[in-house]
Amino acid sequence: MARGEIGSALVDLTDEQRAIIETVRDFVDREVIPVADELEHRDEYPEKIVEQMKELGLFGLTAPEEYGGAGLDLLTYALVGVELSRGWMSLSGIMNTHFMGIYLLKKYGTDAQKERWLPRMATGELRAALSMSEPGAGSDVQAIQTRAVRDSDAYVVNGSKMWVTNGLRAGLVTLLVKTDPTADPPHKGMSVLMVEKEPEATTFEGITIPPNIEKMGYHGVETTELVFADHRVPAENLLGEEGAGFRYIMDGIEVGRVNVAARAVGLATRAFEEAIRYAQERTAFGKPIAQHQMIQEKLAEMGTKLEAARLMLLQAAKKKSAGERSDLEAGMAKYFCTEACHEIVTDALRVHGGYGYSTEYTIERLYRDAPFLLIGEGTSEIQKLVISRQLLERYRA
Ligand SMILES: Cc1cc2nc3c(=O)[nH]c(=O)nc-3n(C[C@H](O)[C@H](O)[C@H](O)COP(=O)(O)OP(=O)(O)OC[C@H]3O[C@@H](n4cnc5c(N)ncnc54)[C@H](O)[C@@H]3O)c2cc1C
């Protein structure tokens, strides 16, 4: 299973897609892998790497060509996500909410909104966060409390958002709010506002950003709260229709779920590579540990799970790329790939023995990064609810 042969039997990549993926892989080998452990331990934002990603055009991968992007599909984005996460998962985190913003603007934005934001998003000059979760509402998205009240030509926003990836550095936030708290069902009273703010400012016209949330892993990229107190958003920044925000976000979240599945495949690929190399170098009882059957069993299980995860990812990415409804496939890929990644990373740590517990070895970082994937863009439990709902509909008795 050569690296880069991801599901090659199942998917015909164009020459352009292959060239992009190879370019990103070389970039990751050359510029990311040598520094990722150190930056992660220091919880340092990878400024230089982000600049290089801009130069490579990665932020505009899926933005339409007429707005300066590369106009590529979500499959290409997913495969790029795998390569970046093989180097450092946080890089994919810097991109994911940005891509969800581009996806939603492309699909539901007005021409004026596209002209205003997409060209700068395509270059990476303007980067986007996406904020729906709150201190009291994560899985139960309809329970959010952040309120937007129409006041002549603006919406006045009040409330607190939680867990906003890229919350500080983003200049644009795709924000889920309640515009009608009396709506029944509640999702009919939810809308999306595109909120402009000053990147890196901790206070901005009624928006306050407290210090970054400290995390177990997923370092380098910031995760913040966003507190809104009478912040005015021009009414023209409403995305699509008032009351349709929940539907838009659920559509966008399928993009996010494909991305998280891609991150899991990238992280698991790296863990597998680290384990299989270590197993051939480390000796115990007079031979490389790779010659002990119980290590071989682990490698076989890891390799098989990894290949299965790659195939699940490809299926979901292809379906979403084709514009088809993909909640089942995206949910299955997110669930399977992230659980497989968690198991592969845990086994890779065991293969490293005591050294796996040392910060000198990359596996220690991967071990701390993997659990986030079980939670972000909907927990495994929520994926199972989505999957079973779809299956029961399809196999209705
Ligand atoms: C590092 C990080 C970055 C994040 N970035 C973002 C971001 O950029 N934007 C954003 O909007 N959000 C973001 N999130 C939030 C993330 O999406 C939520 O944490 C996630 O959806 C879970 O919500 P919760 O934390 O409120 O858990 P809860 O919803 O409180 O869930 C707690 C537990 O209960 C389980 N549970 C809940 N409901 C059910 C049910 N019906 N049946 C069975 N089990 C259930 C859950 O699976 C979980 O095990 C981020 C989170 C983290 C940790």
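A brief structural summary.

What counts, and where the lines are drawn
Residues numbered from 1 in each chain as written. Predicted model: local features only at pLDDT ≥ 70, side-chain atom pairs only at ≥ 80, totals over all residues. Heavy atoms only, no water. Near = heavy atom within 4 Å. Polar contact = N/O pair within 3.5 Å; in protein donor to acceptor, adjacent residues only side chain to side chain. Helix = DSSP H or I, 4+ residues; strand = E, 2+ residues; numbered from the N terminus. Nonpolar A, V, L, I, M, F, W, Y, C, P; charged D, E, K, R; others polar. Phe/Tyr/Trp six-rings, centres within 6.5 Å; stacked < 30°, edge-to-face > 60°. Buried < 20%, exposed > 50% of the residue type's maximum accessible area, 1.4 Å probe, protein only. 1 Å grid on protein atoms, 1.4 Å probe; cavity = no way out; pocket = protein on both sides within 12 Å on 5 of 7 lines; lining within 4 Å. Points joined across faces, edges and corners; volume = space filled by probe spheres on them. Lys, Arg positive; Asp, Glu negative; His and termini not counted. Salt bridge = Lys/Arg side-chain N within 4 Å of Asp/Glu carboxyl O. Axes fitted to C-alpha atoms, helices over the stretch in contact; angles between N-to-C directions. Parallel < 35°, antiparallel > 145°, perpendicular 65-115°, else oblique. Contact = heavy atoms within 4.5 Å. Core = buried A, V, L, I, M, F, W, Y, C linked by side-chain atoms within 4.5 Å. Expected span 1.5 Å × (residues − 1).

This next bit is on the site of the ligand. Close to the ligand lie 20 residues, the nearest being Ser133, Ser139, Trp163, Thr165 and Thr379. Thr165 is positioned with one of its side-chain polar atoms (N or O) 2.8 Å from a nitrogen atom of the ligand. Between the ligand and Thr379 there is a distance of 2.6 Å, counted from an oxygen atom to a side-chain nitrogen or oxygen. Mapped by element, the contributors of at least two residues to the shell around the ligand are strand E1 (128-131), strand E3 (154-165) and helix H10 (380-394). Residues that form the shell around the ligand fall into these classes: nine nonpolar, eight polar and three charged.

Evaluation of the coordinates by the stated rule reveals five aromatic pairs. When the ring of Tyr278 is compared with that of Tyr361, the centres are 6.0 Å apart and the planes differ by 90 degrees; the resulting orientation is edge-to-face. With Tyr278 in helix H6 (residues 245-281) and Tyr361 in the loop between helix H8 (327-351) and helix H9 (362-373), this residue pair connects regions lying 83 residues apart in the sequence. Tyr278 gets classed as buried once you look at its relative accessible area, which sits at 8%.

If you walk through the whole model with that rule in mind, you get two cavities of 30 Å³ or more. Every residue lining the second largest cavity is listed: Tyr45, Ile94, Arg127, Ala128, Asn166, Arg169 and Ala170. Tallied by class, residues from the lining of the second largest cavity come to four nonpolar, one polar and two charged.

Turning to the side chain of Lys334, a few remarks are in order. Mapped onto the secondary structure, Lys334 falls in helix H8. Despite its burial, Lys334 pairs with no opposite charge, the nearest such side chain being Glu339 at 7.6 Å. Reaching out from Lys334, the side chain makes a polar contact with the backbone oxygen of Leu373 at a distance of 2.7 Å.

This brings us to the packing of helix H3 (residues 74-87) against helix H4 (residues 89-108). Running from amino to carboxyl end, H3 crosses H4 at an angle of 160 degrees, the nearest separation of the two axes being 7 Å. Overall, the two elements H3 and H4 adopt an arrangement that is roughly antiparallel. Between H3, through Leu74, Tyr77, Gly81, Leu84, Ser85 and Gly87, and H4, the contact on the second element is made entirely by Met89, Leu91, Ser92, Met95, Asn96, Phe99 and Tyr103.

Among the nonpolar cores identified, the biggest contains 101 residues, and Met53, Leu84, Met121 and Leu313 are the most heavily contacted of them. If you look at the next biggest cluster of nonpolar residues, it comprises 20 residues, including Ala170, Leu193, Ile207 and Ile209.

Let us look at H6. In a regular helix each residue adds 1.5 Å, so 37 residues correspond to 54 Å; H6 covers 53 Å between its end C-alpha atoms and thus fits that length. With respect to burial, H6 is a largely interior element, 31 of its 37 residues being buried.

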